[in-house]
Structure formats: structure tokens, C-alpha cells
Amino acid sequence: MSATRVCALSELEQDSAIRVEVNGVAIAVVRDSNDEVHAIGDVCTHGDISLAEGFVDGDTIECWAHGSAFSLRSGKPLNLPAYEPVPVYAVTIEGDDVLIDPAVLKEL
Ligand code: FES
């Protein structure tokens, strides 16, 4: 499968996230504080909460439910209660298009 366009880069504001679904996979597309774009699994590993509804700070996103922050680079939680990482997907930017293939994990 090839990468799918999920949104326009211009739709993503700095320090914000949107939830998209590609082939049934829920993904949080996040533009961090340095304007870098990341794609991580959208479901918090502690509960059924959308991480796209969380708070972006630097290169992390914090789940609003119980406060676990996840690295947008590695997917790893940085504090409890979550202790399992979320997947991190490769992101391709082509012009104003943000493309993701949920079958392709980012090289960490
Ligand atoms: S559901 Fe995300 S930290 Fe609890």
C-alpha cells in the first residue's frame, strides 16, 4: 500500500493535533512546537482516549485523561500511568500534503 494524503499541512496549526483514520487505523497527526509533523497511534495505551485531544508541548503530547505524556519521536510514555508505547508512523510531506502509510513505521 502506498501513503495516503491525510490532511493539508496548512490545516495543522503549531501545537495542535488532528485524528485521522487510514485503512481503519486511528492516527494522531501532530504539529509540534518546532513545526515538525508527527504521526502516532491515536489511542492512549492506558485507556480508550484519543491522544489527538491531548495537549502538545515541545515534542510530546499529553493525554488529557490521566496525564501521561508521550514522545512524538519514539511513541514512548514519559510518565505513568501509561507504560506501553504507541506506534510512530513515517510521515511524508509533499508540498502542502501530509501523507501517511500506516503499514510503515518510522525508523527510530
Ligand atoms: S487514558 Fe491516557 S493516561 Fe489514562
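What counts as what
- Residues numbered from 1 in each chain as written.
- Predicted model: local features only at pLDDT ≥ 70, side-chain atom pairs only at ≥ 80, totals over all residues.
- Pairing = 2+ DSSP bridges.
- Helix = DSSP H or I, 4+ residues; strand = E, 2+ residues; numbered from the N terminus.
- Axes fitted to C-alpha atoms, helices over the stretch in contact; angles between N-to-C directions.
- Core = buried A, V, L, I, M, F, W, Y, C linked by C-beta atoms within 7 Å.
- Buried ≥ 20, exposed ≤ 12 C-beta atoms within 10 Å, placed from the backbone.
- Contact = placed C-beta atoms within 7 Å.
- UniProt positions renumbered as here; feature names shortened; annotations may be inferred.

## Looking at the pairing of strand 8 (residues 88-94)
Part 1 of the reasoning: For strand 4 (residues 37-41) and strand 8, the ladder comprises two bridges, and the chain directions are antiparallel. Looking across to strand 8, one finds that Ala39 is bridged to Tyr89.
Part 2 of the reasoning: Bridge analysis of strand 8 against strand 9 (residues 97-105) gives five bridges, and the strand direction is antiparallel. Residue pairing in the sheet places Tyr89 in a bridge with Leu105 of strand 9.
Part 3 of the reasoning: The hairpin turn running from strand 8 into strand 9, its antiparallel successor, is two residues long, and Gly95 in that turn takes a positive phi close to 65°.

## Quick notes on the sheet that holds strand 6 (residues 60-62)
To summarise the sheet geometry, strands pair through backbone hydrogen bonds and adopt either a parallel or an antiparallel arrangement.
Part 1 of the reasoning: Pairing is antiparallel in the open sheet, where three strands are placed in the order 5-6-7. What marks the edges here is a single partner per strand, and that holds for strand 5 (55-57) and strand 7 (69-71). Adjacent strand axes in the sheet meet at a mean angle of 25°, parallel and antiparallel pairs treated alike.
Part 2 of the reasoning: Sheet analysis places strand 5 next to strand 6, joined by three bridges and oriented antiparallel. Directly across from Asp57, in strand 6, lies its bridge partner Thr60.

## Notes on the nonpolar core
Part 1 of the reasoning: The biggest cluster of nonpolar side chains holds 27 residues, and the ones touching the most others in it are Ala28, Val29, Ile40 and Ile61.
Part 2 of the reasoning: Of all the secondary structure elements, the ones that give two or more residues to this core are strand 2 (16-22), strand 3 (25-31), strand 4, strand 7, strand 8 and strand 9.
Part 3 of the reasoning: Per element, the largest residue contribution to this core is four residues, and it comes from strand 3.
Part 4 of the reasoning: Apart from residues no more than four positions distant in its own chain, Ile40 is found in contact with Ala28, Val30, Leu51, Phe70, Leu72, Gly75, Val86, Pro87 and Val88.

## Topic: the sheet that holds strand 1 (residues 4-8)
Part 1 of the reasoning: Pairing is antiparallel across the open sheet formed by six strands, whose spatial order is 1-9-8-4-3-2. Because the sheet does not close on itself, it has two edges, and the strands there are strand 1 and strand 2. Across the sheet, the axes of successive neighbouring strands diverge by a mean angle of 30°, strand direction being ignored.
Part 2 of the reasoning: Two strands pair when backbone bridges link them, and strand 1 and strand 9 are joined in this way by four bridges, in the antiparallel orientation. In the strand pairing of strand 9, Arg5 is matched with Leu99.

## Re the UniProt feature "domain: Rieske" (unreviewed entry) in the protein
Part 1 of the reasoning: The sites that carry the UniProt feature "domain: Rieske" (unreviewed entry) are, in the present numbering, residues 4-100.
Part 2 of the reasoning: Along residues 4-100, the helical share is 0% and the strand share 45%, with 5 Å between the first and last C-alpha atoms.

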